[in-house]
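Structure at a glance
Listed below, chain by chain, are the residues.
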Amino acid sequence: MDPVNFAGTFGKREEGTGVELADLGLSGLPFLEEFVTKVGVGIFLSGMVSVCSVREVGVDLKPWQHLLPKGARHFATNGLGEMFFVAGEGLYFLLIHDATEAVEIETTPDEF
C-alpha cells in the first residue's frame, strides 16, 4: 500500500509507539524506510494496525515458526489476528487466529 494511502486510511500513529527499524532487524528495506519517512511507525487507528511498533517487539513466534520461511522478520500486525513478515524478496502473512498455514502475498515489497 502506498504510504500516502495508508495515512489517509489509518490516520496518524499514536505517539511513543514506534520502534526503530534497526531494533527489529529491519534496516535496509527500502519499502519500510520509505514508510518511516512518509508516515512514521507505531500503532494506528487504536490498534487496528501497527507497523514496526512496540507490539512487534519480543513476540514469541515459536508456535508458528514452522509456517514461516527461514529468516522471516515480523514488521506489522493488524487487529484481525494477522502478522506480516518479510523474508528475502517476499512478503508473508500468517493468520494467527487459525495458524494452519502461512500464505505468501503475491507482491514484492516495493509494490506493497
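Nothing here was measured: the structure is a model prediction, and the numbers come from that model.

**Structural notes on the environment of Pro69**
Along the chain, Pro69 turns up in the loop between β2 (49-51) and β3 (73-78). Expressed as a C-alpha distance, the spacing of Pro69 and Gly90, which sit 21 residues apart in the sequence, is 9.6 Å. When residues no more than four places from it in sequence are discounted, the contact partners of Pro69 are Ala87 and Tyr92.

**Some remarks on the pairing of β3**
Counted residue by residue, β3 has five buried out of six residues, so it is predominantly covered. When β2 meets β3, the two strands line up antiparallel, connected through three bridges. When the bridges of β3 are listed, Ser50 appears paired with Thr77. Of the strand pairs in this sheet, β3 and strand β4 (residues 82-87) are connected by four bridges, and their pairing is antiparallel.

**Considerations on the packing of aromatic side chains**
When we look at a pair of aromatic rings, we describe it by the centre distance and by the angle of the planes. Scanning the model with the defined rule gives five aromatic pairs in all. Taking the centre distance of 4.7 Å and the plane angle of 40° together, the rings of Phe6 and Phe10 count as tilted. With Phe6 and Phe10 both in helix α1 (residues 3-10) and four residues apart, the pair spans about one turn of that helix. The burial state of Phe6 is the same as that of Phe10; both residues are buried. The interplanar angle of 75° and the centroid separation of 4.9 Å between the aromatic rings of Phe6 and Phe35 together place this pair among those described as edge-to-face.

**So, the pairing of β4**
With six of six residues buried, β4 is to be regarded as a mostly interior element. Side chains Glu82, Phe84 and Val86 of β4 all project onto a buried face; the interleaved residues Met83, Phe85 and Ala87 project onto the opposite face, where all are buried too. In sequence, β3 turns back onto β4 through a hairpin of three residues, with Gly81 there showing a positive phi of about 90°.

Quick notes on the rules
Counting restarts for each chain, with residues numbered from 1 along the sequence as it is written. The predicted origin of the model limits local features to residues at a pLDDT of at least 70 and limits the giving and counting of side-chain atom pairs to 80 or more, whereas totals for whole chains, interfaces and linings rest on all residues. As a rule here, side-chain values come from all non-hydrogen atoms in the structure, and water together with hydrogens is ignored. A run of H or I in DSSP becomes a helix once it reaches four residues, and a run of E becomes a strand once it reaches two; helices and strands are each numbered from the N terminus. Contact definition: two residues touch when any of their heavy atoms are within 4.5 Å. Whether a residue is buried, partly exposed or exposed follows from its accessible area with a 1.4 Å probe, protein chains only, as a fraction of its type maximum: under 20%, in between, or over 50%, in that order. Only strands that DSSP links by at least two bridges are regarded as paired with each other. Working definition: a ring pair exists when centres of Phe, Tyr or Trp rings (six-membered ring for Trp) sit within 6.5 Å. Plane angles under 30 degrees give stacked, over 60 give edge-to-face, the rest tilted.

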